[in-house]
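What follows is the residue order along each chain.
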Amino acid sequence: MILTKDNILVIIPVFNEATHIEELIRLIKGRGFHNICIVNDGSTDNIEQLNIDESVTILHHIINRGVGAATDTGFRYALLQKFGGVITIDADMQHDVKDLDVLFDSYQENEADIIIGSRFLKADNQIPKIRILYNRIANILVFIFSNTWITDTQSGYKLITKKVLEKVHLRTDGYEFCSEFIIKVLAQNFKIKEVPIHVYYTDYSMNKGQGIVNGYKTMISLFSNIFFKD
Amino acid sequence: MEIYQILVPCIAVLFMYVSIKQYVSGKNTFFEMFTWCLIWFFIIAVAIVPDLITVHLAQILGIKSNINAIIFLSLGILFFLQYNLFLTIKRQNKTISELIKKIALENKKDTPK
């Protein structure tokens, strides 16, 4: 299937991000991506009361299950609606919507199955050291299980084609889904390409991401899902 | 006779009663009730005749001290129960997530754009 901007679904997993979401939607539409799906992961900040454009699909998780579960709901919706692919983007405005085109153009040039927007391939990104450390640990874990070095396994900015969505099924619900997804993708020999993207960290986005306790939980959850399949 | 030799069997009998009651009211399966009763029965036996049971146990397991034998066996049982609990919680978490995802997609299907 040929991927065009008209058959790509932009998935935004959202948990208590009501302050940014309208602006983000406006910016994404401004880049020519009109299929947008917000997955509200049990937010408590009255996202339902926002004046969101009716063309935007909103899926509601009645309780919070984590970013992995929310992303997976978006994936399932994309498959049900027969989209050719998806782009996932974080809702906290840390990503630059201009990079939607970077991901899309890279797909057109390379035809990889997944294009990952890597924060670490762009030298001028100001990334907090603690985030670099978390990411490095996650990269090493992914390398151990897949024997492939990816510079940004935890990136939430990805273009994923339909054939990957059809084959890769997520088991984890939290942040660990990023590692799980990459490991499964590589196990099925899909082609991954990384492209540099901009990232902007603010105090707000730093509070939203993974802390030490959350990082530990993520690691345990990933291991338990790898070793204790039921 | 020590006090614990009266207390432990009393508590164990109480828990056996609870297990049987839960089976009768349909909250537990027969297998679950039987397993719990067996565990409590073993605890009663150890409390009433500790030396007889633990010395035999130590001989069977090849552990020199009867106290060590009972500690190792208890730890083993506890780890087994903990592992079962872990798997159950994991399975339930998965089921809940699956339900939440299906509800989200179903609700969208029902709502015209």
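Everything quoted here is computed from the prediction, not taken from an experiment. (Residues numbered from 1 in each chain as written. Chains lettered and ligands numbered in written order. Predicted model: local features only at pLDDT ≥ 70, side-chain atom pairs only at ≥ 80, totals over all residues.)

## A word on the packing of helix α2 (residues 30–48) of chain B against helix α3 (residues 50–61) of chain B
Residue and element names in this part refer to chain B.
For step 1, the next point in the chain: Remark: α2 packs on α3, axes separated minimally by 5 Å, with the N-to-C direction vectors making an angle of 110 degrees. What the angle tells us is that α2 and α3 run roughly perpendicular. Of the residues in α3, those touching α2 at Ala-45, Val-46 and Ala-47 are Pro-50, Ile-53 and Thr-54.
For step 2, the next point in the chain: Residues of the contact of α2 with α3, tallied by class, amount to five nonpolar, one polar and no charged. (Axes fitted to C-alpha atoms, helices over the stretch in contact; angles between N-to-C directions. Helix = DSSP H or I, 4+ residues; strand = E, 2+ residues; numbered from the N terminus. Parallel < 35°, antiparallel > 145°, perpendicular 65-115°, else oblique. Contact = placed C-beta atoms within 7 Å. Nonpolar A, V, L, I, M, F, W, Y, C, P; charged D, E, K, R; others polar.)

## Looking at the sheet that holds strand β2 (residues 36–41) of chain A
Residues and elements named next belong to chain A.
For step 1, the next point in the chain: Read from one edge of the open sheet, seven strands run β3-β2-β1-β4-β6-β5-β7, paired in mixed fashion. In this open sheet, the two edge strands, each paired with only one partner strand, are β3 (57–61) and β7 (192–196). Here the average twist between neighbouring strands, direction ignored, is 20 degrees.
For step 2, the next point in the chain: Pairing geometry for strand β5 (residues 114–118) and β7, over five bridges, is parallel. The residue of β7 that forms the bridge with Ile-115 is Lys-193. (Pairing = 2+ DSSP bridges.)

## As for the interface of chain B and chain A
For step 1, the next point in the chain: The partner chain A presents 18 residues to the twelve residues of chain B that form the contact.
For step 2, the next point in the chain: Residue classes in the side of chain B that touches chain A are distributed as five nonpolar, two polar and five charged.

## Here's the deal with the confidence of the model for chain A
For step 1, the next point in the chain: Looking at chain A, the pLDDT average stands at 89 and 90% of residues meet or exceed 70.
For step 2, the next point in the chain: Mean pLDDT per element in chain A: helix α7 (residues 203–208) of chain A is the minimum at 66, and strand β4 (residues 85–88) of chain A is the maximum at 97. (pLDDT = per-residue confidence, 0-100.)

## Describing unusual backbone geometry
Residues and elements named next belong to chain A.
For step 1, the next point in the chain: Even without being a glycine, Lys-82 presents a positive backbone phi close to 60 degrees.
For step 2, the next point in the chain: Its place among the elements puts Lys-82 in the loop between α2 (67–80) and β4.
For step 3, the next point in the chain: Lys-82 gets classed as exposed once you count the C-beta atoms within 10 Å, which come to 9.
For step 4, the next point in the chain: The phi angle at Asn-189 is positive, at roughly 60 degrees, despite the residue not being glycine.
For step 5, the next point in the chain: Tracing the sequence through the fold places Asn-189 in the loop between α6 (177–187) and β7. (Buried ≥ 20, exposed ≤ 12 C-beta atoms within 10 Å, placed from the backbone.)

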